[in-house]
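Listed below are the residues making up each chain.
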Amino acid sequence: MIGAGTFGLRHSRFIGRSDRADLVAVADPAFGSDRPVPGELQDVARYTDHREMLARGDLDGVIVASPSEMHVSHALDCLDAGVAVLVEKPVAVDREQAGPLLDRLAEDPQARVLVGHHRRHHPAVAAARALIAEGRLGEIRTVAAIWATHKTDPYFEVGWRRRRPGGGVLLINLIHEVDMLRHLVGEIVSVQAIASNKARGLEVEDTAGLVLRFENGAIGTLAGSDSAVSPWGWDQATEDDPTFPYHPGQPCLLIAGSQGSVSVPDLTVFTQPEPSWLEPVAQTRLPVEGADAFARQLAHFADVAAGRAQPLVTAEDALRSLEVVRAASQSLAG
Ligand SMILES: NC(=O)c1ccc[n+]([C@@H]2O[C@H](COP(=O)([O-])OP(=O)(O)OC[C@H]3O[C@@H](n4cnc5c(N)ncnc54)[C@H](O)[C@@H]3O)[C@@H](O)[C@H]2O)c1
């Protein structure tokens, strides 16, 4: 693993629970400082320079969980060492930075990169995608997504989270919603957005609203804030990330089509055989089983590293989500 901060540590716990992976080495320059080594990493080989770690030559895969602006160069170093990469989102901070990684992937068929948009691995997302693909909701007309929680001040004491490029609720959080919307509804062809830094007064936005047009004609909205109290958001509606208090049954994504609708991740499905606003809609709840997106992502990464699977989220795919977010972040209005 490269980067043993908040989310690197989280990954180390996911690996600890898995029978598909062992954590053998971690690189982070902070190991050279007086920052205490977390208990989880006491028995793991530790390096201050990831290139020394890669020189071991015995790694099957590396998780890159360093600050976002370093993802591309760290992923490229892993590929140079012949190692498969699970790179955290965002894959890069912009298309220009992602360029060398995409070139490398185009030139080298052995290079394997999975991007950590873990929600795609959640069974509720897979079930909603199947429901839509089977046409059970008809043509998708509109969607509404929300992610809102109130982060506390210490989170923003870490420099990269306060600055561009890399910080801000769009790139840190809402990129996951954008990726999930693209995965479920289709490509986004235009975005209008208003973003604000009024709540925290940082250089980066804390709140944003996006209006999205999809290639298939659907129109949707995405609202998000890292400074608002709510139970609405993927992280609260699932048990993916144990840091967040769990609020089961609260949807964070509503998808409505010409024949029916679904709320995600609770998978409540509403349908009408003959669409009419004057008739009640039938309601059913689909079961969700094995809802551990990070465990599934890790198992998938093991398969990708072993050459048994193609990445569910490629760098090119993740870059499209990044571009939507980048377009939106140009509208910071203060
Ligand atoms: N998938 C998710 O849901 C999710 C959630 C949180 C964070 N993330 C992503 O994970 C990444 C890390 O986020 P975080 O909150 O853990 O940040 P963090 O600041 O807590 O941790 C980053 C770590 O990287 C280390 N680092 C800095 N330079 C390095 C280098 N040259 N080599 C190796 N390590 C280096 C830092 O010392 C720090 O320990 C970000 O890109 C973020 O977007 C993803």
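Residues numbered from 1 in each chain as written. Predicted model: local features only at pLDDT ≥ 70, side-chain atom pairs only at ≥ 80, totals over all residues. Heavy atoms only, no water.

The chain is annotated in an unreviewed UniProt entry as Oxidoreductase of Amycolatopsis bartoniae.

Asker: Hey, could you run me through the overall build of the chain in this one?
Answerer: The helix and strand tally for the chain stands at 9 helices and 13 strands. In terms of C-alpha radius of gyration, the chain reaches 20 Å, essentially the compact-globule figure of 20 Å for 334 residues. The dimensions of the chain, computed from C-alpha atoms along their principal axes, are 65 × 45 × 40 Å. In the chain, which comprises 334 residues, the proportion classed as buried is 51%. Across the chain, every contact between residues at least 6 apart in sequence was considered, and the portion connecting residues at least 24 apart equals 64%. Within the structure as shown, the chain displays about 15200 Å² of accessible surface, and the carbon and sulfur contribution to it stands at 51%. With 31 positive and 44 negative side-chain charges, the chain shows a separation of 2 Å between the mean positions of the two kinds. (Helix = DSSP H or I, 4+ residues; strand = E, 2+ residues; numbered from the N terminus. Rg over C-alpha atoms; globule rule 2.2 N^0.38 Å. Buried < 20%, exposed > 50% of the residue type's maximum accessible area, 1.4 Å probe, protein only. Contact = heavy atoms within 4.5 Å. Areas by Shrake-Rupley, 256 points an atom, 1.4 Å probe, with all protein chains shown as cover. Lys, Arg positive; Asp, Glu negative; His and termini not counted. Charge placed at Lys NZ, Arg CZ, Asp CG, Glu CD.)

Asker: Would you mind going over the UniProt feature "domain: GFO/IDH/MocA-like oxidoreductase" (unreviewed entry) in the chain with me for this structure?
Answerer: In the numbering used here, UniProt assigns the feature "domain: GFO/IDH/MocA-like oxidoreductase" (unreviewed entry) to residues 126–262. Helix and strand shares over residues 126–262 are 21% and 30% respectively, and the end C-alpha atoms of the span are 13 Å apart. (UniProt positions renumbered as here; feature names shortened; annotations may be inferred.)

Asker: I would appreciate a short explanation of the sheet that holds strand 8 (residues 207–214) in the present structure.
Answerer: Backbone-to-backbone hydrogen bonds join strands into a sheet, with any given pair of strands oriented parallel or antiparallel. Read across the open sheet, the 8 strands follow the order 7-8-9-6-10-11-12-13; overall the sheet is mixed. Since the sheet does not close on itself, it has two edges, and those belong to strand 7 (188–196) and strand 13 (282–285), each with one partner. Neighbour-to-neighbour, the strand axes of the sheet open up by a mean angle of 10°, direction not taken into account. Sheet analysis places strand 6 (residues 140–148) next to strand 9 (residues 219–225), joined by 7 bridges and oriented parallel. (Pairing = 2+ DSSP bridges. Axes fitted to C-alpha atoms, helices over the stretch in contact; angles between N-to-C directions.)

Asker: Mind showing me how you'd approach the nonpolar core here?
Answerer: Where a protein is soluble and globular, its nonpolar side chains tend to be buried together. Val62, Leu101, Leu184, Leu210 and Ile255 are the most contacted members of the largest nonpolar core, which has 87 residues in total. With 10 residues, the top contributor of residues to this core is helix 6 (residues 169–185). Composition of this core by domain shows at least three residues from each of domain 1 (6–118 + 298–313) and domain 2 (119–289 + 321–329). Ignoring anything within four residues of it in the chain, the contact list for leucine 210 reads Leu170, Val178, Val191, Gln192, Ala193, Gly220, Thr221, Leu222 and Ala328. (Core = buried A, V, L, I, M, F, W, Y, C linked by side-chain atoms within 4.5 Å. Domains from an automatic or database assignment.)

Asker: How do you make sense of helix 9 (residues 315–329) when you look at a structure like this?
Answerer: Think of an α-helix as 3.6 residues a turn; residues three or four steps apart then line up on the same face. A rise of 1.5 Å per residue sets the reference length of helix 9, with its 15 residues, at 21 Å; its end C-alpha atoms lie 20 Å apart and thus fit the reference within 8%. Residues Ala315, Asp317, Ala318, Leu319, Ser321, Leu322, Val324, Val325, Ala328 and Ser329 constitute the buried set of helix 9. Elements that come into contact with the buried residues of helix 9 comprise helix 4 (95–107), strand 5 (113–115), helix 6, strand 7 and strand 8. (Expected span 1.5 Å × (residues − 1).)

Asker: Where do I start with the side chain of arginine 182 in this structure?
Answerer: Secondary-structure assignment places arginine 182 in helix 6. For arginine 182, a relative accessible area of 6% translates into the label buried. For arginine 182, the side chain forms a polar contact with the side chain of glutamate 187, separated by 2.9 Å. With near-sequence residues (within four places) excluded, arginine 182 lies in contact with Arg120, Glu187, Ile188, Asp317, Arg320 and Ser321. (Polar contact = N/O pair within 3.5 Å; in protein donor to acceptor, adjacent residues only side chain to side chain.)

Asker: For this particular structure, what's the right way to read helix 1 (residues 6–16)?
Answerer: The complete set of buried residues in helix 1 reads Gly8, Leu9, Arg10, His11, Ser12, Phe14 and Ile15. Considering only its buried residues, helix 1 is in contact with strand 3 (61–64) and helix 8 (293–305).

Asker: Is there a simple way to think about empty space enclosed by the protein in this case?
Answerer: If you roll a probe as big as a water molecule over the atoms, it shows you where there is empty space left. Here the structure, examined in full by the defined rule, presents 3 cavities of 30 Å³ or more. The computed volume of the largest cavity comes to approximately 80 Å³. Around the largest cavity, the lining residues are Arg164, Pro165, Gly166, Gly167, Leu170, Leu171, Glu205, Val325, Arg326 and Ser329. Secondary structure elements with two or more residues in the lining of the largest cavity: helix 6 and helix 9. Counting residues per element, the lining of the largest cavity draws most heavily on helix 9, at 3 residues. Here the residues of the lining of the largest cavity are counted per class, giving 4 nonpolar, 3 polar and 3 charged. Roughly 40 Å³ of volume is contained in the second largest cavity. Forming the boundary of the second largest cavity are His11, Phe14, Ile15, Ile63, Leu86, Phe294, Gln297 and Leu298. Of all the secondary-structure elements, those providing two or more residues to the lining of the second largest cavity are helix 1 and helix 8. Looking at the lining of the second largest cavity, its residues break down into 6 nonpolar, 2 polar and no charged. (1 Å grid on protein atoms, 1.4 Å probe; cavity = no way out; pocket = protein on both sides within 12 Å on 5 of 7 lines; lining within 4 Å. Points joined across faces, edges and corners; volume = space filled by probe spheres on them. Nonpolar A, V, L, I, M, F, W, Y, C, P; charged D, E, K, R; others polar.)

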